[in-house]
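# Results of the structural survey
Below, each chain spelled out in residue letters.
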Amino acid sequence: MNTSRAAQADIEALARRLDDAQTTRSDTPSLEGDAAVAIDLDVDAAYRVQDALIGLRTGRGEAVVGVKLGFTSKAKMAQMGVSDVIVGRITDAMRVQDGGETELSRYIHPKVEPEVAYRISRDVDLDDPETDILACVDAIAPALEIIDSRYRDFRFTYADVVADNTSASGFAVGEWIPMREAADLDVRLRVGDREEAGTTAAILGDPKEALHALLDMCRRRRIPLRAGYVVLAGAATAAIELTAETASCEIAGLGSVSLTGVRR
Ligand code: OOG
Ligand code: MG
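Below is a short write-up of the structure. (Residues numbered from 1 in each chain as written. Chains lettered and ligands numbered in written order. Predicted model: local features only at pLDDT ≥ 70, side-chain atom pairs only at ≥ 80, totals over all residues. Heavy atoms only, no water.)

### Some words on the site of ligand 1
If you check the shell around ligand 1, you find 17 residues, and the closest are Lys68, Phe71, Lys76, Ser167 and Ala235. Taking Glu113, its side chain carries an N or O atom lying 3.0 Å from an oxygen atom of ligand 1. When isolated, ligand 1 has an accessible area of 320 Å², and the protein chains bury 100% of it. In this structure the site holding ligand 1 corresponds to the largest cavity. Those elements that provide at least two residues to the shell around ligand 1 are β1 (64-70), α3 (74-80), β4 (111-120), β5 (137-147) and β10 (230-235). The element contributing the most residues to the shell around ligand 1 is β1, with 3 residues. Here the shell around ligand 1 is composed, by residue class, of 8 nonpolar, 4 polar and 5 charged. (Near = heavy atom within 4 Å. Polar contact = N/O pair within 3.5 Å; in protein donor to acceptor, adjacent residues only side chain to side chain. Areas by Shrake-Rupley, 256 points an atom, 1.4 Å probe, with all protein chains shown as cover. 1 Å grid on protein atoms, 1.4 Å probe; cavity = no way out; pocket = protein on both sides within 12 Å on 5 of 7 lines; lining within 4 Å. Sits in = over half its atoms within 2 Å of the grid points. Helix = DSSP H or I, 4+ residues; strand = E, 2+ residues; numbered from the N terminus. Nonpolar A, V, L, I, M, F, W, Y, C, P; charged D, E, K, R; others polar.)

### Quick word on the pairing of strand β13 (residues 255-262)
When strand β3 (residues 100-103) meets β13, the two strands line up parallel, connected through 4 bridges. Paired with Glu103 across the strands is Val262, a residue of β13. Looking at chain direction, strand β12 (residues 246-251) and β13 are connected through 6 bridges and run antiparallel. Its bridge partner lying in β13, Ile251 is registered against Gly255. Hairpin remark: β12 followed by β13, antiparallel, with 3 residues in the connecting loop; positive phi at Gly253, about 90°. (Pairing = 2+ DSSP bridges.)

### Comments concerning the coordination of the magnesium ion (ligand 2)
At 2.0 to 2.1 Å from the magnesium ion (ligand 2) lie its protein donor atoms, namely Glu113 (OE), Glu115 (OE) and Glu145 (OE). In primary-sequence terms, the residues that donate to the magnesium ion (ligand 2) follow E-x1-E-x29-E. A residue is classified by how much of its surface remains accessible, and Glu113, at 3% relative accessible area, is buried. Given the relative accessible area of 1%, Glu115 is considered buried. (Donors = N, O, S within 2.8 Å, 3.2 Å for Na, K, Ca; no water. Buried < 20%, exposed > 50% of the residue type's maximum accessible area, 1.4 Å probe, protein only.)

### Observations concerning the state of the cysteines
Evaluated as defined, the whole model comprises 0 disulfides. Of the cysteine sulfurs around Cys136, a residue in no disulfide, the closest is that of Cys218, at 12 Å. Look at Cys136 and you get buried, because its relative accessible area is 3%. (Disulfide = S-S within 2.5 Å.)

### Details of the packing of aromatic side chains
Enumeration according to the criterion identifies 1 aromatic pair in this entry. Summarising the aromatic geometry, the rings of Tyr151 and Phe156 are spaced 6.2 Å apart at their centres and angled 55° between planes, so their arrangement reads as tilted. (Phe/Tyr/Trp six-rings, centres within 6.5 Å; stacked < 30°, edge-to-face > 60°.)

### A word on the nonpolar core
By size, the foremost hydrophobic cluster in this structure holds 75 residues, and its most contacted members are Leu41 and Leu225. Not counting residues up to four positions away in its chain, the partners in contact with Leu225 are Val67, Arg122, Asp123, Val124, Leu126, Ile133, Leu214 and Cys218. Core analysis: the second largest hydrophobic core is formed by 11 residues, Val65, Ala143, Ala168 and Phe171 among them. (Core = buried A, V, L, I, M, F, W, Y, C linked by side-chain atoms within 4.5 Å. Contact = heavy atoms within 4.5 Å.)

### A few points about the environment of Thr200
Tracing the sequence through the fold places Thr200 in the loop between β9 (194-199) and α5 (207-221). Apart from the residues lying within four places of it in its own chain, the contact partners of Thr200 are Val116, Ala182, Ala183, Asp184, Leu185, Val187, Pro207 and Ile251. Polar contacts involving the side chain of Thr200 include one to the main-chain amide nitrogen of Asp184, which spans 3.4 Å. Within the structure, the side chain of Thr200 is placed 2.8 Å from the backbone nitrogen of Leu185, a separation counted as a polar contact.

What follows is the structure, encoded as C-alpha cells:
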C-alpha cells in the first residue's frame, strides 16, 4: 500500500499503541514486520505517527518544550544498528530538575545518555533559505537524556524509533552558559560506579553540526523550532541503564548535570 495514502485512522491507531505502552509501562513489539499493522510503515508514515503521538500528549495538557536529535554519534549508531539522524519532541512532563529525582516506575527500561543542550533564542523561520540556525541559539549546557524505548528489549527499526518519538522519555539540563564552541570537549557519564567516557566530537564531529542537521530535518518534517526550545544534540557516548542511583554528565568547560533514579 502507498503510505502517502495511509489512512489517518491507521496512523492514529499506531500512535495510541505506543502511547498506551508508555502510559501503562508495558513494552510492545516492533511495528515494522508486525503482520497486524495495516500500513507499510515508511519514514514518512513514521513521522506522521510521531505527530499523532505528540498530539495525544499535548491533548493531555503537556507542552512541547524542545526537540532532540538521535543517532548523531557513531557509538549510538553502532549500538542501535542504524545510520541516519532522527528527530523527536521533548515535553514539560519529561523534564527532571538538575540534581532532582525521577521515579523509576515511570519507565519501562530506562537508559541515560550524556548530551549537549542548546537553547533557541528566537522562532526559526524554516521557509527562509537564508536562515542561520547558529544565530538563533544563545546558550549551551550539559544535559542528560533518559531514553526509554516503548519497544520490547529496545529492538526497533529506523521507522519504528521515529514513530516512538525517538525513545524520548526524560531529560535534565545543567546551568546555561552563553553560546560557545564545544567542538572537542571531554565527556564523562556516570551511573553509580558504571561509566562511559568520550568527547563531544563524537556528535557529528562538532555538536553545532547537529544544529544544521536539525534545521534540515525540521524543514523536511515541518517540525517547528520556537524561541525558548531546548535542543538535545544527541548522545556523545553509548547509553547506560538508569538504576536507583545518581547519574551524572560532566563536560569539560561546560559543567555538569545530575539526576537520581528512585524507587518508592
Ligand atoms: C533512540 C534515541 C537515540 C541519541 O542521542 O542518539 C538518541 C534510542 O537509542 O533508543 O537519543
Ligand atoms: Mg539522546
